[in-house]
Protein chains: 4
Amino acid sequence: MIVVMDLRATEEQVEAVYKRLEGMGFKTHLIKGVERLVIGAIGDRKQIQNSGIEIMPGVEKLVPVMKPYKLVSREVKVEDTVIKVRDFNIGAEEIIVIAGPCAVESREQLLETAELVAAAGARAIRGGTYKPRTSPYSFQGMEEDGLQLLAEAGIKTGLATITEVIDEKSLGLAVNYVDIIQVGARNMQNFQLLKAAGRVSKPVVLKRGLSATMEEWLMAAEYIMSEGNYNVILCERGIRTFENYTRNTLDLSAVPLIKQLSHLPVIVDPSHATGEWRLVPPLSKGAVAAGADGLLIEVHPDPVTALCDGPQSLTPDNFKILMQELRAVAQAVGRDI
Amino acid sequence: MIVVMDLRATEEQVEAVYKRLEGMGFKTHLIKGVERLVIGAIGDRKQIQNSGIEIMPGVEKLVPVMKPYKLVSREVKVEDTVIKVRDFNIGAEEIIVIAGPCAVESREQLLETAELVAAAGARAIRGGTYKPRTSPYSFQGMEEDGLQLLAEAGIKTGLATITEVIDEKSLGLAVNYVDIIQVGARNMQNFQLLKAAGRVSKPVVLKRGLSATMEEWLMAAEYIMSEGNYNVILCERGIRTFENYTRNTLDLSAVPLIKQLSHLPVIVDPSHATGEWRLVPPLSKGAVAAGADGLLIEVHPDPVTALCDGPQSLTPDNFKILMQELRAVAQAVGRDI
Amino acid sequence: MIVVMDLRATEEQVEAVYKRLEGMGFKTHLIKGVERLVIGAIGDRKQIQNSGIEIMPGVEKLVPVMKPYKLVSREVKVEDTVIKVRDFNIGAEEIIVIAGPCAVESREQLLETAELVAAAGARAIRGGTYKPRTSPYSFQGMEEDGLQLLAEAGIKTGLATITEVIDEKSLGLAVNYVDIIQVGARNMQNFQLLKAAGRVSKPVVLKRGLSATMEEWLMAAEYIMSEGNYNVILCERGIRTFENYTRNTLDLSAVPLIKQLSHLPVIVDPSHATGEWRLVPPLSKGAVAAGADGLLIEVHPDPVTALCDGPQSLTPDNFKILMQELRAVAQAVGRDI
Amino acid sequence: MIVVMDLRATEEQVEAVYKRLEGMGFKTHLIKGVERLVIGAIGDRKQIQNSGIEIMPGVEKLVPVMKPYKLVSREVKVEDTVIKVRDFNIGAEEIIVIAGPCAVESREQLLETAELVAAAGARAIRGGTYKPRTSPYSFQGMEEDGLQLLAEAGIKTGLATITEVIDEKSLGLAVNYVDIIQVGARNMQNFQLLKAAGRVSKPVVLKRGLSATMEEWLMAAEYIMSEGNYNVILCERGIRTFENYTRNTLDLSAVPLIKQLSHLPVIVDPSHATGEWRLVPPLSKGAVAAGADGLLIEVHPDPVTALCDGPQSLTPDNFKILMQELRAVAQAVGRDI
């Protein structure tokens, strides 16, 4: 940690900071710059954060040197994390496509979609059963009935299954039915839920919060890993910007950046990011070319009648065409799909 | 709801939209503009949102006419909501000051602070006992022990008590100890928690999310009210912007704007908004002058040793001076403190 | 234009709005909804914006139906605009790569870079000669001397040349030396400069502003086109977000979205968007896969000694490797490079 | 400047950085932390920025210690800058109110407004004569005719005059007619215009850019001051956020924060910030209570017929009431109006 002193800090103030740091067991280095004094403090980052140094008279600011995350960091684990689900791997050579409707609406809707996306080459079926909706008056999901349908779809098609959980109760139920747990963007800093997800034995897809920085996103993953669940998949799903023509703004720079900072797999959800199905194919191709390990794509057998997010859902036919196009892009960057 | 047709929509496309709307029981009006056709659809907003109209061929966009919130709206309830807590009212002539440390750290720390802020004119003591922290390695709060200390401080000083809850479990405990429940910024769209808070009989302070719009914030209050708890107090606590010199950016325009849109009381937290105690007095005065019904101010007997957010805490002496200054500003705008 | 009346608007207020609209020559339609009244006003958008309707008593809001831009719109011109520069086309099948240093620093630096990027397959050389810098104490560019070097590099290598202009004076000079004019992000709403660029006969690359919406960006292009210069190339170069690990956030959804809304070509600058050379190759591939018509990539023969933006510059060797990788991706999406 | 080395930096890499710093004339200090090595480099900030150190192998990041601005800084000049205009001072005890229409539309409109705002206690009349408009099809201002009207209004009423300039040409004309020059938000980083404004002898009001940080805003003021014009007044006018109910979001924390960082006066424009006249009175009062040195308020004799920004203009009657209310708030914080 670096302590930057104010331009007009007195000798007494410098000494007080110096003594406090020493008293807390830090080793210190004084650097007298052209303009101002800087103190390098060597010791535990956590301790200095609660040290009160920041508000001692004469102190301008503290500059952390260490990163706040450990377990998620590529500095700590150099090799890519590869997560095995059923008969495939996430984070390895194959790019994994997860597809399905925004919400599980009925047995017929889900099974039909599952068969169609499986035929097109998807590896997993998604479907919301607990829906975090902005309005209390919107459809809130089929809950456990939906989980049963997902499990059935998984058995019938061989697809892996994934669903979002919204609290400890839905998490407790979901682990009995699906292969992968999803924590949504709005819950990215629901720390109680993150801790609970860290105690289950299923992989967790952690979506990036609407206005979260990379560091906050990685810290959320750190919460899950710090409880013992190391199988975390980060999912970029668009951030909030000033743009109103799209729902959110897909941040594809997150893909190579997270790969630099962390060893965890990264997937991309272009459907929620844009809110518009016409933008899903070009951005899916962009995500694959930029190095994503997978895609989360909304597909609905009849988007016009969807109970949720119809405008961003592909028809099964469009999904099939997209899968063929994605294969070509994947091969161009040395991967499979 | 207004349906705007594409410039190049065919007659068949217009007819299909028209028929679908009629089939769903909407009354329709066609308006042929200079450039494009517009269809006014009269009926239930909720129904049209899931109608699939938005993705029918030839449709450019839907424009909602009705607001999504009802119970929180000043259109539905014209008179200000006034919430009685102990011997004072929130949302009436008196501006209510809630003060105290970021976190309850010890019996001594809390009782000392409570007595000092009560003497200076605060009406309630705040103190975090369940802390949502960005890092899993930071101090997470004293939990139920802290709640007991809050209750004790309330009895000793006559101050009302307020604390943040982070899940249904902490909510269930907190209602037994404190007068007011707080839902924090990171949980503003934790809909399960909002619904649970809607079923308790204590007033709820609902903090604005870090990047929430007014509409999303009001919809979160609508969640609480839709479960039956009408005693909601909105708290502006700063939004995320590009500025790095402050922790967040306090949005004081939220105060008069919320007063226009809603009948609920609005309070302001300048401590979290800025993260810097020197900015707290000028912005507290600004909030009062702009029409806030109350303030939430961090005070710590010894900020340098605080376990959490020391840099934004006032000393008791500075708080006392601020209370005197606030009184003058309150009177200048026709209120008391 | 749709006029939404307040829930509590009186009959007199409705009539006053109605009369004013009729008096201004608008045709009107009244739609009585479940909750509130809506008036459809048919006529010239521009006129209604200055009509004062918005602040008449009883009016809640105006909703525009027509888009504010005309000449840039794909509704007005369905076919893609293709811009001929020297012996290549921008906006056609070939993806055009423009490469070169952030700033022209010396004859040797520029000519060396030009030869290397030409050999690797670039079509144009870029180099700043007038630099808009955040600090008045930073290097401000070689000005006309730099323009002469660019012209020389263009002659020697056959590459087209492009440089940024910052006011009418630099624009007046630049048109004598280079093939393409660039208006930078900070000047996207410098309307005097846009108008001046609309009066020259060279194609203009218009960079998106740091926090500009699509609509504002298109309106800036409209400024240029409204003066008669129809050869505008839009360049996505990253927007400001909360992320601090990158300089800006590249918005690749801009590529397919602009293609929907406009007939103009779209290129991408991953170097300025990220500020970090390691992120340039994956995002260049992402841009091509998402449908970009070209790329603007910083290349410097020795990034460590660059006077400006060294951290985001590729070495010539890395650029050569990238060009080979881009060819594969371009072919996978049915294009050339 | 602090150089933070990568966790896995080799000894050779550290030595190379060390040698390069020494070779450039920096004094260096090595600090071996718990995890990683840090090098303190003492010397000229400007030099190190172009040193290429940031991209040497093994370097994680550079952390600047010195602030980039000098002349605007309170560290360099401790006393408040007070700017004399006609018979009043900006930045002293009196809070200065500047009022008038968005645009000068006619002699009658301007003179009527000037007399009314003078009677209510305003010190200066504002009026746009060169209007930077988002659309090329909107009213662009009366240009020099408008400047003449402003001068006439100044003579008739004794008010000081202020108008916005948009390029060197309008600046050259405006200095002959008005007392104060304004550089608008969209031109905050039009560095050519800033330099030109630095060479005139009239005070300059510098509005904050739509998404500018404090540091960028202060750097823009530094541009003006670096050319010799020390009479700069900073004007907070709202920043872009996700909120759509207001045009921009007024950032009143800018007022005390700029006062900490700089010696320059700060004024507030609540009209442009909100775009809604009903929000102007509460936020004007908030600005005064938070310490603003002045206000810039739009007043129009008949907002319904205004050619520009009618919805945000106060009527003269409402302005008169506001001035009385402001006086009470100003006195409550120890100032006059």
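Residues numbered from 1 in each chain as written. Chains lettered and ligands numbered in written order. Predicted model: local features only at pLDDT ≥ 70, side-chain atom pairs only at ≥ 80, totals over all residues.

What to know about the overall build of chain A
At step 1: In terms of regular secondary structure, chain A is built from 11 helices and 14 strands.
At step 2: By principal-axis analysis of the C-alpha atoms, chain A measures approximately 75 × 45 × 40 Å.
At step 3: Across chain A, every contact between residues at least 6 apart in sequence was considered, and the portion connecting residues at least 24 apart equals 66%. (Helix = DSSP H or I, 4+ residues; strand = E, 2+ residues; numbered from the N terminus. Contact = placed C-beta atoms within 7 Å.)

Here we look at the sheet that holds strand S3 (residues 37–42) of chain C
Pairing between the strands of a sheet is mediated by backbone hydrogen bonds and can be parallel or antiparallel.
Residue and element names in this part refer to chain C.
At step 1: With respect to topology, four strands assemble into an open sheet ordered S2-S3-S1-S4, the strand pairing being antiparallel. At either end of the open sheet lies a strand with only one pairing partner, and these are strand S2 (27–32) and strand S4 (59–63). With strand direction ignored, the average angle separating the axes of adjacent strands in the sheet is 20 degrees. (Pairing = 2+ DSSP bridges. Axes fitted to C-alpha atoms, helices over the stretch in contact; angles between N-to-C directions.)

Observations regarding the packing of helix H3 (residues 107–120) of chain A against helix H4 (residues 144–157) of chain A
Residue and element names in this part refer to chain A.
At step 1: In the contact formed by H3 and H4, the axes pass within 10 Å of each other and the chain directions differ by 35 degrees. H4 is crossed by H3, and the crossing has right-handed handedness. Touching Arg107, Leu110, Leu111, Ala114, Glu115 and Ala118 of H3 are Leu149, Leu150, Ala153, Lys156 and Thr157, all from H4.
At step 2: A per-class count over the contact of H3 with H4 returns seven nonpolar, one polar and three charged. (Left-handed = near helix turned anticlockwise from the far one by under 90°. Nonpolar A, V, L, I, M, F, W, Y, C, P; charged D, E, K, R; others polar.)

What about the domain arrangement of chain A?
At step 1: One can read the domain layout of chain A as domain 1 (2–63) and domain 2 (83–332).
At step 2: Summarising the inter-unit geometry, the C-alpha centres of domain 1 of chain A and domain 2 of chain A are found 45 Å apart. (Domains from an automatic or database assignment.)

Re the interface of chain B and chain D
At step 1: In this complex, chain B contributes 35 residues to the contact, which on the side of chain D involves 36 residues.
At step 2: No other element matches helix H10 (residues 280–289) of chain B, which puts seven residues into the side of chain B that touches chain D.

Quick notes on the relation of the copies chain B and chain D
At step 1: By a simple turn and slide, chain B fits onto chain D: the slide is 0.0 Å along the axis, the RMSD is 0.0 Å, and the turn is 180 degrees. Here the copies are linked by what is in effect a two-fold axis. Closest approach to the rotation axis among the C-alpha atoms of chain B is made by Gly286(B), whose C-alpha sits 2.0 Å away.
At step 2: Most of the interface of chain B is mirrored in chain D, where 100% of its interface residues again form contacts. (Least-squares fit on C-alpha atoms with pLDDT ≥ 70 in both.)

Describing helix H7 (residues 214–226) of chain C
Residues and elements named next belong to chain C.
At step 1: Here H7 spans 18 Å end to end across 13 residues, near enough to the 18 Å set by a 1.5 Å rise per residue.
At step 2: Of the positions making up H7, those classed as buried are Met214, Trp217, Leu218, Met219, Ala220, Ala221, Glu222, Tyr223, Ile224 and Met225.
At step 3: Summarising the contacts, the buried residues of H7 are in contact with helix H6 (191–197), strand S11 (204–207), strand S12 (232–236) and helix H8 (254–261).
At step 4: Looking at the residues trailing H7, positive phi occurs at glycine 228, about 115 degrees. (Expected span 1.5 Å × (residues − 1). Buried ≥ 20, exposed ≤ 12 C-beta atoms within 10 Å, placed from the backbone.)

Describing the interface of chain A and chain C
At step 1: Taken together, the contacts link 36 residues of chain A with 35 residues of chain C.
At step 2: A per-element tally of the side of chain A that touches chain C places helix H10 (residues 280–289) of chain A first, with seven residues.
At step 3: Split into classes, the residues belonging to the side of chain A that touches chain C amount to 20 nonpolar, 12 polar and four charged.

Structural notes on the environment of Ala151(C)
Residue and element names in this part refer to chain C.
At step 1: Among the structural elements, alanine 151 can be located in helix H4 (residues 144–157).
At step 2: Judged by local crowding, alanine 151 falls into the partly exposed class, with 16 C-beta atoms found within 10 Å.
At step 3: On a C-alpha basis, the gap between alanine 151 and valine 178 in space is 6.2 Å, while along the polypeptide they are 27 residues apart.
At step 4: Not counting residues up to four positions away in its chain, the partners in contact with alanine 151 are Thr161, Tyr177 and Val178.

Structural notes on unusual backbone geometry
All names here are of chain D.
At step 1: Although it is not a glycine, glutamate 143 sits at a positive phi angle of roughly 55 degrees.
At step 2: Tracing the backbone shows glutamate 143 in the loop between strand S8 (124–126) and helix H4 (144–157).
At step 3: The residue aspartate 309 is not glycine, and still its phi comes out positive at about 55 degrees.
At step 4: Inspection of the secondary structure puts aspartate 309 in the loop between strand S14 (294–298) and helix H11 (316–332).
At step 5: A residue is classified by how many C-beta atoms lie within 10 Å of it, and aspartate 309, with 21 of them, is buried.

A closer look at the relation of the copies chain A and chain C
At step 1: Superposing chain A onto chain C requires a rotation of 180 degrees together with a translation of 0.0 Å along the rotation axis, leaving an RMSD of 0.0 Å.
At step 2: Comparing interface residues between copies, 97% of those in chain A also sit at the interface in chain C, which points to an isologous, same-surface contact.

A closer look at helix H8 (residues 254–261) of chain A
At step 1: Within H8(A), six of the eight residues are buried, which leaves it mostly tucked inside the rest of the structure.
At step 2: When H8(A) is considered as a whole, its buried residues turn out to be Ala254(A), Val255(A), Pro256(A), Leu257(A), Ile258(A) and Lys259(A).
At step 3: Contacts from the buried residues of H8(A) go to helix H7 (214–226), strand S12 (232–236), strand S13 (266–268) and H10 of chain A together with helix H10 (280–289) of chain C.

Examining the pairing of strand S7 (residues 96–100) of chain D
Residues and elements named next belong to chain D.
At step 1: Burial within S7 is extensive, with five of its five residues counted as buried.
At step 2: Residue alternation in S7 divides its side chains into two sets, Ile96, Ile98 and Gly100 and Val97 and Ala99, and both sets are buried.
At step 3: Here S7 runs beside S14; their pairing, made up of five bridges, is parallel. Paired with valine 97 across the strands is leucine 295, a residue of S14.
At step 4: With two bridges joining them, S7 and S8 adopt parallel strand pairing. Considered in S8, the bridge of isoleucine 98 is made with alanine 124.
At step 5: For the handedness criterion, the β-α-β arrangement of S7, helix H3 (residues 107–120) and S8 is classed as right-handed. (Right-handed = clockwise from strand over helix to strand, strands pointing away.)

Some details on the sheet that holds strand S1 (residues 2–5) of chain A
All names here are of chain A.
At step 1: The antiparallel open sheet is built from four strands, whose spatial order is S2-S3-S1-S4. Edge strands, defined here as strands with exactly one partner in the open sheet, are strand S2 (27–32) and strand S4 (59–63). With direction set aside, neighbouring strand axes in the sheet form an average angle of 20 degrees.
At step 2: Note: S2 against strand S3 (residues 37–42), six bridges, orientation antiparallel. From the neighbouring strand, lysine 27 faces S3, where its bridge partner is isoleucine 42.
At step 3: Its contacts with the sheet put helix H1 (residues 11–23) on S1, S2, S3 and S4, and the angle it makes with S3 is roughly 5 degrees.

Quick notes on the packing of helix H11 (residues 316–332) of chain A against helix H11 (residues 316–332) of chain C
For any two helices packed against each other, the geometry comes down to the angle between their axes and how far apart the axes lie.
At step 1: Close contact between H11(A) and H11(C) brings their axes to 8 Å; oriented N to C, the two are set at 170 degrees. Our classification of the angle between H11(A) and H11(C) gives roughly antiparallel. Facing H11(A), whose interface residues are Ala328(A), Val329(A), Gln331(A) and Ala332(A), H11(C) presents Ala328(C), Val329(C) and Ala332(C).
At step 2: Classifying every residue of the contact of H11(A) with H11(C) gives six nonpolar, one polar and no charged. (Parallel < 35°, antiparallel > 145°, perpendicular 65-115°, else oblique.)

A look at the environment of Lys156(D)
Residues and elements named next belong to chain D.
At step 1: If you trace the backbone, lysine 156 turns up in helix H4.
At step 2: Assessed through the 14 C-beta atoms surrounding it within 10 Å, lysine 156 is described here as partly exposed.
At step 3: Each C-alpha atom, one on lysine 156 and one on leucine 111, is 8.2 Å from the other, the two residues being 45 residues apart in sequence.
At step 4: Not counting residues within four places of it along the chain, the set of residues in contact with lysine 156 comprises Leu111 and Ala114.

Let's talk about the pairing of S3(C)
Residue and element names in this part refer to chain C.
At step 1: Counting buried positions along S3 gives five out of six residues, so the element sits mostly inside the fold.
At step 2: Both strand S1 (residues 2–5) and S3 contribute to a ladder of three bridges, which runs antiparallel. Residue pairing for S3: valine 4 is matched across the bridge by valine 38.
At step 3: Taking the residues that link successive antiparallel strands as the turn, the S2-S3 hairpin has four residues.

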